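# A closer look at the structure
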Amino acid sequence: IAGLPMPILAVRPTVTEIEPVEHNGFDLSNSIIPMLEIFSGGPPKDGIPAILNPTFVSADTDQGFDDGDIVLSFSHNGESRAYPLNIIVHHEIVNDEIGGIPVAVTYCPLCGTSMVFDRRYEGETLSFGVSGLLHNSDVLMYDHQTESLWSQLKMQSISGEKVNTVLRWLPSTEMTLGAWRERYPEGEVLSRDTGYRRNYDGGAYAKYMSSPRLMSPVAIVRWELGLKDWVIGIKIDENTKAYPLSMLKTMESPTLTDTLGETQIVIHFDVDSGATTVENMGNREIIPHVKLYWFAWQAFYP
């Protein structure tokens, strides 16, 4: 963790006495994750319905959201879209195509993770649904083509025909809707017209988000930070680091330079909008990052 000492405690709970859970009909015979570490999140397969055919409205359309509401912003080939968390919290996956590239916009409310992935693999385009299963409290997705399971935060398939296939992570960032509208006045916003009857006015998972407790077990716990302290997680090759949001918010400068592995990076953090950008100082490419709870990042990258 940037700015903090090495871990003082790492604990792996014993899972041998945990009874196996129903795995929602998925074949885990070749799973690279121990089956006893995979839990049911409650809903069955597709009980949380992914959006397969999203529709969008112009940036200035009033959908009843406040300017302070948080959206996930993603841009590609000159096109920009905003995905309000108030909508995607009810669906967790949006299968979309933007700027000529098919993407999966994913969100796990238990980990606080919003991440965008390329849906193209080995000449085919996959579409993703919600399995209803969790690993380290993080959503396990599945593809409709092979029903392989995919870990959002591990960023790869963990079972099935596509096992060990790595997801291509694409840069995105969370920010306020008002800031997004100012930055991308010609952009589009995910419409409330999803084909499902849901309350998109906010409040979903509010009790969980305000509580220090977790809803599902994690394999490893480190105590340098509170379990639900927010961090910015960055992964370059096999090198990982977390930057506490509390540290970024109190920096004298809006930028932080650091080295991750052999890559020099600069982190731009805007306190007002909440937007973060991570840039490779060598080639000026934008590097993906994720804002999430500390417990989730350390569980996958101890």
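A brief report on the enclosed structure follows. The structure presented is a predicted model; accordingly, all values stated were derived computationally and were not measured. (Residues numbered from 1 in each chain as written. Predicted model: local features only at pLDDT ≥ 70, side-chain atom pairs only at ≥ 80, totals over all residues. Heavy atoms only, no water.)

## Some points on the environment of Gly-261
Rule in force here: Strands are runs of DSSP state E lasting at least 2 residues, helices are runs of H or I lasting at least 4, and numbering of each runs from the N terminus.
Within the secondary structure layout, Gly-261 lies in the loop between β19 (255–260) and β20 (263–269). Each C-alpha atom, one on Gly-261 and one on Pro-44, is 40 Å from the other, the two residues being 217 residues apart in sequence.

## A short note on unusual backbone geometry
Rules: Each residue's exposure class comes from its accessible area (1.4 Å probe, protein chains only) as a fraction of the maximum for that residue type: buried when under 20%, exposed when over 50%, partly exposed otherwise.
Positive phi is not limited to glycine here, since Asp-46 has a value of about 65 degrees. Considering the arrangement of structural elements, one finds Asp-46 in the loop between β1 (38–40) and β2 (56–58). At Asn-164, a position not held by glycine, the phi torsion is positive, near 75 degrees. With respect to the helices, strands and loops of the structure, Asn-164 is situated in the loop between β13 (156–159) and β14 (169–170). Asn-164 gets classed as partly exposed once you look at its relative accessible area, which sits at 46%.

## Brief notes about the sheet that holds strand β23 (residues 290–293)
Using the following cut-off: Here, strands pair whenever DSSP counts at least two bridges between them. For helices, the fitted axis covers only the stretch in contact; all axes are lines through C-alpha atoms, and the angles between them, taken along N-to-C directions, range from 0 to 180 degrees.
Strand order in the open sheet made by the three strands is β18-β17-β23, with antiparallel pairing throughout. What marks the edges here is a single partner per strand, and that holds for β18 (239–244) and β23. Mean inter-strand twist for the sheet, computed between neighbouring axes without regard to direction, equals 35 degrees. Alignment of strand β17 (residues 230–236) against β18, held across six bridges, turns out to be antiparallel. By the bridge assignment, Ile-234 is partnered in β18 with Lys-241.

## As for the sheet that holds strand β12 (residues 149–151)
Taking strand neighbours across the sheet as the criterion, the five strands line up as β1-β10-β11-β12-β13 in an open arrangement whose pairing is antiparallel. Every interior strand has two partners, whereas the edge strands, β1 and β13, have only one. Going from strand to strand, the sheet's axes swing by 50 degrees on average, the running direction of each strand aside. Taken together, the three bridges between strand β11 (residues 138–143) and β12 define a ladder with antiparallel strand orientation. Across the sheet, the residue bridging to Met-141 is Trp-150, located in β12.

## Describing the pairing of β19
Side-chain direction in a regular strand flips from residue to residue, so the side chains alternate between the two faces of the sheet. Pairing of β19 with β20, which is carried by six bridges, proceeds in the antiparallel orientation. Opposite Thr-255, over in β20, you have His-268 as the bridge partner. What sits between β19 and β20 in their antiparallel hairpin is a turn of two residues, with Gly-261 showing a positive phi close to 65 degrees.

## A look at the nonpolar core
The following threshold applies: Here, nonpolar core refers to any group of buried Ala, Val, Leu, Ile, Met, Phe, Trp, Tyr and Cys residues whose side-chain atoms link them within 4.5 Å. In what follows, residue pairs with any heavy atoms lying within 4.5 Å of each other are defined as contacts.
Counting residues in hydrophobic clusters, the biggest one holds 38 residues, and the most contacted among them are Phe-128, Leu-153, Leu-167, Phe-295 and Trp-297. In terms of residue count, the dominant contributor to this core is helix α5 (residues 294–300) (six residues). If near-sequence neighbours (up to four positions away) are discounted, Leu-167 is found in contact with Phe-117, Tyr-121, Phe-128, Met-141, Trp-150, Ser-151, Met-155 and Gln-156. Counting residues in hydrophobic clusters, the runner-up holds 30 residues, among them Ile-87, Val-105, Tyr-107 and Val-116.

## As for the pattern of salt bridges
We apply this condition: Salt bridge criterion: a side-chain nitrogen from Lys or Arg within 4 Å of a carboxyl oxygen from Asp or Glu.
Inspection of the entire model under this criterion finds 14 salt bridges. Here Glu-188 makes a salt bridge to Arg-81, at a shortest N to O gap of 3.0 Å. You can see Glu-188 sitting in strand β16 (residues 188–190) and its partner Arg-81 sitting in strand β4 (residues 79–84), a full 107 residues away along the chain. Under the relative-accessibility criterion, Glu-188 is labelled partly exposed at 31%. In this structure, the salt-bridge partner of Glu-122 is Lys-162, at a minimum N-O distance of 3.9 Å. Remark: Lys-162 occurs in the loop between β13 and β14 and Glu-122 occurs in the loop between β8 (120–121) and β9 (124–125); sequence separation between them is 40 residues.

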